[in-house]
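# Working through the structure, step by step
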Amino acid sequence: MKVLITKRSLQVDMEPSLFIILCYISLVRGSPQDGFTFETQDTDITVDAGTQIRLACKFQNVSSELLNTLEWLKLGDEDTVISRGDLIVSEEYLGRSDVIMDGGESVLSIEHAEDDDAGQYKCLLNRGEAAEQVTYNVVLRGTPLIHSATPSILSASPGDDITLTCTTSGSYPATVRWTRPGSSLPGGEEEVLADVLRIDDVATEDSGTYQCTAVDDRGRSAKRTVRVVVVVQDEDAVASAANNTFLRIMIFLAISFGRKIVNIS
């Protein structure tokens, strides 16, 4: 009887012990990050220049102790650690960045987005060999500055050679494209990739609107239009203008000759 009781107690004691051990192993092996997981996935975010960049990183089962090691980084040739926990640790981001920890979420905010703020950011939670991370690609939308020596309306006569110029400035290089909305360019092309568009021996059918579009390597774009007017002068008007010019010259010569006669006398 005593042996039976001992056997039963062994069975009763062993079964829960085995259950507890298996459950513990399941927790450790089921998640490579000691139980914590990220809900956020890699994503692209587009913001306007001068506005706020807001990146949110969501997670589960993260202890407050581990949260203090969560880092936000700006990726580049040399990665910059922006924050650790809820503290901004990079001097570059002090005063215009903030990190808020709210339960299962860490939110990085960067005010007054500039060109250099575009690029990749990483939310990183790491403990030894175990690490969880999410990467964000921030695209900055803005307007590169277009400079042009060409007036917005350009007049020409048939047979003239004209040049349309469109150059850009900014932090990033831009590609310039010339098009003619609603029609092809005088050379038959749909577009020309160049800062300068030259049209030789213009004709009346070359009149119209020409558009310069600049796109930089961050995807920001700007446009400028030039209206070309090829004016055909009326032959009678030309003849009349020529006659008037000839008459003015003769009057000038007569007056000058008359003054010389007076001086000689």
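Definitions and limits used
Residues numbered from 1 in each chain as written. Predicted model: local features only at pLDDT ≥ 70, side-chain atom pairs only at ≥ 80, totals over all residues. Heavy atoms only, no water. Helix = DSSP H or I, 4+ residues; strand = E, 2+ residues; numbered from the N terminus. Contact = heavy atoms within 4.5 Å. Pairing = 2+ DSSP bridges. Disulfide = S-S within 2.5 Å. Buried < 20%, exposed > 50% of the residue type's maximum accessible area, 1.4 Å probe, protein only. Phe/Tyr/Trp six-rings, centres within 6.5 Å; stacked < 30°, edge-to-face > 60°. Axes fitted to C-alpha atoms, helices over the stretch in contact; angles between N-to-C directions.

### Quick look at the side chain of Ser83
By the element assignment, Ser83 lies in strand S5 (residues 80–84). The residues touching Ser83, leaving out its near neighbours within four places in the chain, are Leu70, Glu71, Trp72, Ile88, Val89 and Val99.

### Comments concerning the sheet that holds S5
Pairing is mixed across the open sheet formed by six strands, whose spatial order is S2-S10-S9-S4-S5-S6. Every other strand in the sheet has two partners, leaving strand S2 (43–48) and strand S6 (87–88) as the edge strands with one partner each. One ladder, built from six bridges, connects S2 with strand S10 (residues 130–141); its direction is parallel. By the bridge assignment for S10, Asp48 is matched with Arg141.

### A word on the state of the cysteines
Scanning all chains against the criterion turns up two disulfides. A sulfur-sulfur distance of 2.3 Å marks the disulfide that ties Cys57 to Cys123. The sign of the S-S torsion, about -90°, decides the handedness of the disulfide formed by Cys57 and Cys123: left-handed. Taken together, the residues span a long stretch of sequence, with Cys57 in strand S3 (residues 53–60) and Cys123 in strand S9 (residues 119–127) at a distance of 66 residues. When sorted by exposure, Cys57 lands in the same class as Cys123, which is buried. Residue pairing for Cys166: its cysteine sulfur links by disulfide to Cys212, the two sulfurs lying 1.8 Å apart.

### Points about the packing of aromatic side chains
Scanning all chains against the criterion turns up one aromatic pair. For the ring pair Trp72 and Tyr136, a centre distance of 5.7 Å and an interplane angle of 35° mean the geometry is tilted. Placement of the pair is Trp72 in strand S4 (residues 71–74) and Tyr136 in strand S10, with a sequence separation of 64 residues. For Tyr136, a relative accessible area of 2% puts it in the buried group.

### Examining unusual backbone geometry
Even without glycine at this site, His112 takes up a positive phi of about 50°. Tracing the chain through its elements places His112 in the loop between strand S8 (105–110) and S9. Assessed through its relative accessible area of 55%, His112 is described here as exposed. Look at Asp201: it is not a glycine, yet its phi comes out positive at around 50°. Position of Asp201 among the secondary structure elements: in the loop between strand S17 (196–199) and strand S18 (208–216).

### Regarding the pairing of S4
A two-sided burial pattern is seen for S4, the buried positions comprising Glu71 and Leu73 on one face and Trp72 and Lys74 on the other. Bridge count between S4 and S5: four bridges; the pairing is antiparallel. Among the inter-strand pairings, Lys74 is bridged to a residue of S5, identified as Thr80. Here S4 hands over to S5 after five residues, the two strands then running antiparallel side by side. Relative to S9, S4 is paired through four bridges, and the arrangement is antiparallel.

### Quick look at the sheet that holds S18
Taking strand neighbours across the sheet as the criterion, the five strands line up as S12-S19-S18-S15-S16 in an open arrangement whose pairing is mixed. Since the sheet does not close on itself, it has two edges, and those belong to strand S12 (153–156) and strand S16 (191–193), each with one partner. Strand-to-strand, the axes of this sheet are offset by a mean angle of 25°, without reference to chain direction. Sheet analysis places strand S15 (residues 174–179) next to S18, joined by six bridges and oriented antiparallel. Following the sheet pairing, Arg177 is matched in S18 by Thr213.

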